[in-house]
Amino acid sequence: MRVLITGGAGFIGSHIVDACLAAGQEPFVVDNLSSGSPKNLPSTVRLFQVDIRDQAGLQRAFSEARPEVVIHQAAQMSVSRSVREPAFDASVNVLGLLNVFDQAVRVKAQRIVFASSGGVLYGDVFTPAPEETPANPISPYGISKWVGERYLEFYAREFGLTGVALRYANVYGPRQNPHGEAGVVAIFCQRMLAGESVRINGDGKYDRDYVFGPDVARANQLALTANIPGGFVALNIGTGMAVDVNTLEGNVRAAIQALPGDSNPPPPEYGPARAGDLRSSLVDASRAKNVLGWSPTVTLQEGLQRTAQWFAQQG
Ligand SMILES: NC(=O)c1ccc[n+]([C@@H]2O[C@H](COP(=O)([O-])OP(=O)(O)OC[C@H]3O[C@@H](n4cnc5c(N)ncnc54)[C@H](O)[C@@H]3O)[C@@H](O)[C@H]2O)c1
């Protein structure tokens, strides 16, 4: 099967590429390399360095790749940038998304799998939120993910393709970019390995649902072929387990200390709370289990160990 992955040179996208190769499929990547890197990809994988806002470039990539299925990961994914520059956010996350969907229709792809987000749709939830939870996105980024889902539902109905929106929880793992504002695990790993103290905002009692990147890639892989009655579905992808930042800091510290050598990161520093940070964000992935046969397989301890090892190898 020919699979085109937008954002495939990024963190989650590159794990999806690995999963496609392991399944004997032929992955193609479209990425403008704004945060992704060719280093995340095996040299055998065809990379089209194209921005999804560039209709002509996208058309050339789709004509060459002729994908049977499309996995759309490329996005402007900074919540704070979306607040500062809503029009830029929409140019990538809405108009760029429509360019990708239009190309999928043009080359007669049968299915589109879309990276949505549980956290930004459900807001503060203190028990794992099922998909029926009313969406209440408050940032332009969250609004664009919600709109992206609605467009996918429309394209599925209008053009007879299948649409699967995967609403990720907090994804972490090897290859995550530690330079952004999100990706707390990547940031903690990098700072602790450099012997620097990490900064915890507020009292650190902010619960999140951490799911390992390769587990998320497997969900995408299953979404390519699962039977989807009605042609469209939204599925949560997470563990449903709450871990606060204080606990996470201790777990990342333990993973770093377990590496060869005698790394002993300094204690964390506490700073002011960040305005707008949710107290609790958890998703219930029961529907993904029913529809895809997916559930997470990697425990937080194991995932953090693998992530710490990867960051240590980067030097
Ligand atoms: N990481 C998380 O916890 C999380 C949670 C919920 C949803 N998501 C979604 O998952 C997807 C992948 O996120 P990630 O964590 O792998 O981030 P990432 O930054 O590593 O990957 C995004 C990729 O898209 C590429 N890209 C960005 N803008 C582009 C453009 N205009 N044209 C072409 N390529 C472009 C980047 O170069 C990068 O390779 C995104 O859609 C994101 O919104 C991520």
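> Help me understand the overall build of the chain in this model?
Secondary structure assignment for the chain yields eleven helices and 13 strands. The globule rule puts the C-alpha radius of gyration for 315 residues at 20 Å, and the 19 Å found for the chain is close to it. Projected onto its principal axes, the C-alpha positions of the chain cover 55 × 45 × 40 Å. Taken across its 315 residues, the chain has 50% of its residues classed as buried. Taking the contacts inside the chain whose residues are at least 6 apart along the sequence as the reference set, 79% of them involve residues at least 24 apart.

> Could you clarify how one ought to interpret the site of the ligand in this entry?
The environment of the ligand is formed by 28 residues, the closest being Gly7, Gly10, Ile12, Gly36 and Ala75. Mapped onto the shell around the ligand, the elements with two or more residues apiece are helix H1 (11-22), helix H4 (86-106), strand E5 (111-117) and strand E7 (170-172). If you tally residues by element for the shell around the ligand, the top one is H1, at three residues. Of the residues belonging to the shell around the ligand, the class tally is twelve nonpolar, 13 polar and three charged.

> I'm lost on the domain arrangement of the chain in this one. Help?
For an interface, size is often stated in terms of accessible area lost upon the parts coming together. Taken domain by domain, the chain consists of domain 1 (2-172 + 211-239 + 282-296) and domain 2 (184-207 + 242-280 + 307-313). Each of domain 1 and domain 2 has a C-alpha centre, and the two are 28 Å apart. Each partner contributes to the interface: domain 1 provides seven residues, whereas domain 2 provides eight residues. Broken down by class, the residue content of the side of domain 1 that touches domain 2 amounts to four nonpolar, two polar and one charged.

> Would you mind showing me how to read the packing of helix H9 (residues 245-257) against helix H11 (residues 300-313) here?
Between two packed helices, the angle of one axis relative to the other and the distance separating the axes together describe the packing. Contact geometry for H9 and H11: axes closest at 9 Å, N-to-C directions at 55°. Taken together, the axes of H9 and H11 lie oblique to each other. The two elements H9 and H11 cross, and the hand of that crossing is right-handed. Listed contacts from H11 to Asn251, Val252, Ala255 and Ile256 of H9 are Leu300, Gln301, Leu304, Gln305 and Ala308.

> Quick question: what am I supposed to make of helix H2 (residues 55-65) here?
Given 3.6 residues per turn, any residue in an α-helix points the same way as the ones three and four places further on. Buried within H2 we find Leu58, Ala61, Phe62 and Ala65. Here the buried residues of H2 occupy an arc of 95° about the axis, which is enough to place them on one side. Counted as exposed and oriented over 90 degrees from the buried face of H2: Ala56, Ser63 and Glu64. Along its buried surface, H2 packs onto strand E1 (2-6), strand E2 (26-31), strand E3 (46-49) and H4. A positive backbone phi angle near 45° is found at arginine 66, which sits one or two residues after H2.

Rules and cut-offs
Residues numbered from 1 in each chain as written. Predicted model: local features only at pLDDT ≥ 70, side-chain atom pairs only at ≥ 80, totals over all residues. Helix = DSSP H or I, 4+ residues; strand = E, 2+ residues; numbered from the N terminus. Rg over C-alpha atoms; globule rule 2.2 N^0.38 Å. Buried ≥ 20, exposed ≤ 12 C-beta atoms within 10 Å, placed from the backbone. Contact = placed C-beta atoms within 7 Å. Near = placed C-beta within 6 Å. Nonpolar A, V, L, I, M, F, W, Y, C, P; charged D, E, K, R; others polar. Domains from an automatic or database assignment. Axes fitted to C-alpha atoms, helices over the stretch in contact; angles between N-to-C directions. Parallel < 35°, antiparallel > 145°, perpendicular 65-115°, else oblique. Left-handed = near helix turned anticlockwise from the far one by under 90°. Arc of directions from axis to C-beta.

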